Amino acid sequence: MASIHKEFIIDANPEAVWAVLSDYGAVHERLAPGFVIDTSLSSDTRTVTFSDGTIVLERLVDLDHETRRVAYTVIGGSLHPSHHHASMQALPEAEGRTRFVWHTDVLPDTLAAPIADFVEHGSAVIRRTLEAATTPMPEPTRTSARSQ
């Protein structure tokens, strides 16, 4: 079995990242817009359409608010793994930042390279999207009163 593991730091707090990551049916709008072009949710299964035309059905395995982790498995679509399980997690880092962890196990091993490419491309989009969506607005400039 091939395992693909990707970690990166996001300049956003874990609560804000989790608010987006835990929105299981809105991947195309909130987590990876452009990389994912459509997501539809039916009960615990989402149909995800990627920008290259790949369509996968992913069943939710776990959505853990305490650990800020979502896990899912591919159960159908145009990708044909005999096994595909993935999880994404938003972990606290120093200075209010987030360590984003994405882990995928897949069979057959021949799918490792294309899945790794998806993860690499998706990670770049996710990072940009989350940093742009959660960047705090600058504080207004304060002027001091001068005595006359």
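Residues numbered from 1 in each chain as written. Predicted model: local features only at pLDDT ≥ 70, side-chain atom pairs only at ≥ 80, totals over all residues. Heavy atoms only, no water.

(A) Expanded view of the overall build of the chain. Across its full length, the chain carries 3 helices and 7 strands. The N-to-C order of helical and strand elements in the chain reads β-α-α-β-β-β-β-β-β-α. Here the chain, with 148 residues, has 43% of them falling under the buried criterion. Taking the intrachain contacts of the chain between residues at least 6 apart in sequence as the baseline, contacts between residues at least 24 apart amount to 49%. (Helix = DSSP H or I, 4+ residues; strand = E, 2+ residues; numbered from the N terminus. Buried < 20%, exposed > 50% of the residue type's maximum accessible area, 1.4 Å probe, protein only. Contact = heavy atoms within 4.5 Å.)

(B) View of the nonpolar core. With 35 residues, the main nonpolar core has Leu31, Met88, Phe100, Trp102, Ile126 and Leu130 as its most contacted residues. Those elements that place two or more of their residues in this core are strand S1 (2-10), helix H1 (14-21), helix H2 (27-31), strand S3 (45-50), strand S5 (69-77), strand S6 (83-92), strand S7 (98-107) and helix H3 (112-134). With 6 residues, H3 is the single largest residue contributor to this core. Here Leu130 is in contact with Ile10, Ala12, Val17, Val20, Leu31 and Phe100, once residues within four sequence places are set aside. (Core = buried A, V, L, I, M, F, W, Y, C linked by side-chain atoms within 4.5 Å.)

(C) Geometry of the sheet that holds S6. Strands sit in the order S1-S7-S6-S5-S4-S3-S2 across an open sheet of 7 strands; the sheet is antiparallel. Two strands close off the open sheet at either side, each with one partner strand: S1 and strand S2 (36-42). Each neighbouring strand pair of the sheet contributes to a mean axis angle of 20 degrees, computed without reference to strand direction. Bridge count between S3 and strand S4 (residues 55-64): 5 bridges; the pairing is antiparallel. (Pairing = 2+ DSSP bridges. Axes fitted to C-alpha atoms, helices over the stretch in contact; angles between N-to-C directions.)

(D) Region of interest: the pattern of salt bridges. Following the criterion strictly, the structure yields 10 salt bridges and no others. For Arg99, the salt bridge identified is with Glu7, shortest N-O distance 3.0 Å. You can see Arg99 sitting in strand S7 and its partner Glu7 sitting in strand S1, a full 92 residues away along the chain. Its relative accessible area of 25% is what places Arg99 among the partly exposed residues. The salt bridge involving Arg59 is made with Asp44; its shortest N-O contact spans 3.8 Å. Of this pair, Arg59 sits in strand S4 while Asp44 is found in the loop between S2 and S3, placing the two residues 15 residues apart along the sequence. (Salt bridge = Lys/Arg side-chain N within 4 Å of Asp/Glu carboxyl O.)

(E) Molecular detail of unusual backbone geometry. For the bond running from Leu107 to Pro108, omega is 0 degrees, close enough to zero to count as cis. Tracing the backbone shows Pro108 in the loop between S7 and H3. Unusually for a residue other than glycine, Ser43 sits at a positive phi of about 60 degrees. With respect to the helices, strands and loops of the structure, Ser43 is situated in the loop between S2 and S3. According to the relative accessible area criterion, Ser43 is exposed, its value standing at 72%. In the Ramachandran plot, Glu95 falls in the positive-phi region, its phi being about 60 degrees despite a non-glycine side chain. For Glu95, the position within the fold is in the loop between S6 and S7.

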